[in-house]
Amino acid sequence: MTTQRNRPRVSIGMPVYNREKYVGAAIEAHLNQTYSDFELIITDNASTDSSEAICRAYSAQDPRVKYYRNSRNLGAAGNYNRCFDLSTGEYFRWTPSDDLVSPNLLERAVEVLDRDPSVFVAYPKTRLIDRDGKIIGEFDEGLHLMDDQPSERWKGVQRNLRLGNLHYGLNRADKFRQTGLLRNYNGGDFPLIAEMSLYGKFYEIPDAFFYRRMHEEASSALKNSADIMAFYDPKKRENVFLHNWAHWGANLRSAIRAPIPFAEKLRVYKYECQRLIWGRREYLQELTGAVSHVAQKLSQS
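Computed from a predicted structure; not experimentally measured.

A.B. asks: Can you help me understand the overall build of the protein chain in this one?
C.D. replies: Of the regular secondary structure elements, the protein chain holds eleven helices and nine strands. Counting all 301 residues of the protein chain, 52% fall into the buried class. For the protein chain, the exposed area adds up to about 14,300 Å²; of that, 51% sits on carbon and sulfur atoms.

Pasting the structure below:
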């Protein structure tokens, strides 16, 4: 059992699945951090390439690197959440196994969280890189949300969220544990990021960077709906998925669960009802499409 005395202040969760091309560089980016009081938890989702050998080699060299191999593929959501379940630090962040970070990320993020208890997540600015690590663009998250009202931060997320990198910031593990974590369906990070806004402020670190690698093997490059569903949860490959309705329902459950005043919950409910009305045509099309798909399947059986 990890005691308070030897418990690292920071835990980093790195879910891995067949990333032999990039995982070594991702690990190195963390071992080169200017802040050293951390554990790097690697959960391997039953990789079939040389990812296991690469990760085990780093684990043998540095005791901060802890490698765990799943007996089967849990899907992306299951693997991400297992990283967190195994963590022991006061602060936590996920990091993809194909992306990079600047050497000062942890140091700057810890400074922010230590300085301001109202901040739940301290996240770096995003730069996009190609498969070779060359910077190909800047990306503005637009999620520096320092409003005191949770409902205002919630609105900021819903208005500005696009790529979904916020959950790669450093957060307070005790609060993060109260959320629904990563949902096991397409875009399951979006409801999580929205929910996180109800637990505290989002602070963008101006001089630390997350380098998101845009390449043909990235999850964001998947096009087939069945492949996307299987990426998050292999058991759901053939499921009919109502993307908008699933996210809307998750948002309502997040507001119910959040430790915020009832008046703030009502403001979130009101805003979500407005969003449903504004997007009613898209919601209705999705629903009728799903009914048509199910009817077609039944007629063929």
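A.B. asks: Would you take a moment to explain the packing of helix H5 (residues 150–160) against helix H10 (residues 262–278) for this structure?
C.D. replies: The axes of two packed helices give the description: the angle between them and the distance between them. Relative to each other, H5 and H10 sit at 25°, their axes nearing to 8 Å. Here H5 lies roughly parallel to H10, going by the angle between them. Crossing handedness for the pair H5 and H10: right-handed. Here Pro 150, Ser 151, Trp 154, Lys 155, Gln 158 and Arg 159 of H5 lie close against H10, whose contacting residues are Glu 264, Arg 267, Val 268, Tyr 271, Glu 272 and Arg 275. Across the contact of H5 with H10, the residue classes break down as four nonpolar, two polar and six charged.

A.B. asks: When you look at the environment of Pro 259 in this model, what are you seeing that I'm missing?
C.D. replies: Its place among the elements puts Pro 259 in the loop between helix H9 (243–257) and H10. Expressed as a C-alpha distance, the spacing of Pro 259 and Lys 175, which sit 84 residues apart in the sequence, is 9.9 Å. Every residue in contact with Pro 259, bar those within four places of it in the chain, is listed here: Gln 178 and Tyr 199.

A.B. asks: I'm lost on the nonpolar core in this one. Help?
C.D. replies: What tends to happen in soluble globular proteins is that the nonpolar side chains get buried as a cluster. Val 10, Ile 27, Ile 42, Trp 94, Phe 176 and Phe 202 are the most contacted members of the largest nonpolar core, which totals 68 residues. Non-local contacts of Phe 176, meaning those with residues more than four positions away in its chain, are made with Phe 84, Phe 92, Trp 94, Phe 120, Asn 171, Leu 181, Leu 192 and Met 196.

A.B. asks: Looking at this structure, I do not really get the environment of Arg 212. What am I missing?
C.D. replies: As for its placement among the helices and strands, Arg 212 is situated in strand E9 (residues 201–213). For Arg 212, a relative accessible area of 13% corresponds to the buried category. Polar contacts involving the side chain of Arg 212 include one to the side chain of Asn 165, which spans 2.7 Å.

A.B. asks: Which parts of the structure should I look at to understand the pattern of salt bridges?
C.D. replies: Between side chains of opposite charge, a pair can form when the charged atoms approach closely. On inspection of all chains with the given rule, the structure shows 18 salt bridges. When the shortest N-O distance is used, the salt bridge between Asp 44 and Arg 69 registers 3.3 Å. On the criterion of sequence distance, the pair formed by Asp 44 in strand E2 (residues 38–44) and Arg 69 in strand E3 (residues 65–69) is long-range, its members being 25 residues apart. Taking relative accessible area as the criterion, Asp 44 reaches 0% and is therefore assigned buried. What makes Arg 69 partly exposed here is its relative accessible area of 33%. Two residues, Asp 62 and Arg 64, come together in a salt bridge whose shortest N-O distance is 2.9 Å. A relative accessible area of 15% means that Asp 62 is categorised as buried. A single salt-bridge network, built from bridges that share partners, covers Asp 44, Glu 52, Arg 56 and Arg 69.

What counts and what doesn't
- Residues numbered from 1 in each chain as written.
- Predicted model: local features only at pLDDT ≥ 70, side-chain atom pairs only at ≥ 80, totals over all residues.
- Heavy atoms only, no water.
- Helix = DSSP H or I, 4+ residues; strand = E, 2+ residues; numbered from the N terminus.
- Buried < 20%, exposed > 50% of the residue type's maximum accessible area, 1.4 Å probe, protein only.
- Areas by Shrake-Rupley, 256 points an atom, 1.4 Å probe, with all protein chains shown as cover.
- Axes fitted to C-alpha atoms, helices over the stretch in contact; angles between N-to-C directions.
- Parallel < 35°, antiparallel > 145°, perpendicular 65-115°, else oblique.
- Left-handed = near helix turned anticlockwise from the far one by under 90°.
- Contact = heavy atoms within 4.5 Å.
- Nonpolar A, V, L, I, M, F, W, Y, C, P; charged D, E, K, R; others polar.
- Core = buried A, V, L, I, M, F, W, Y, C linked by side-chain atoms within 4.5 Å.
- Polar contact = N/O pair within 3.5 Å; in protein donor to acceptor, adjacent residues only side chain to side chain.
- Salt bridge = Lys/Arg side-chain N within 4 Å of Asp/Glu carboxyl O.

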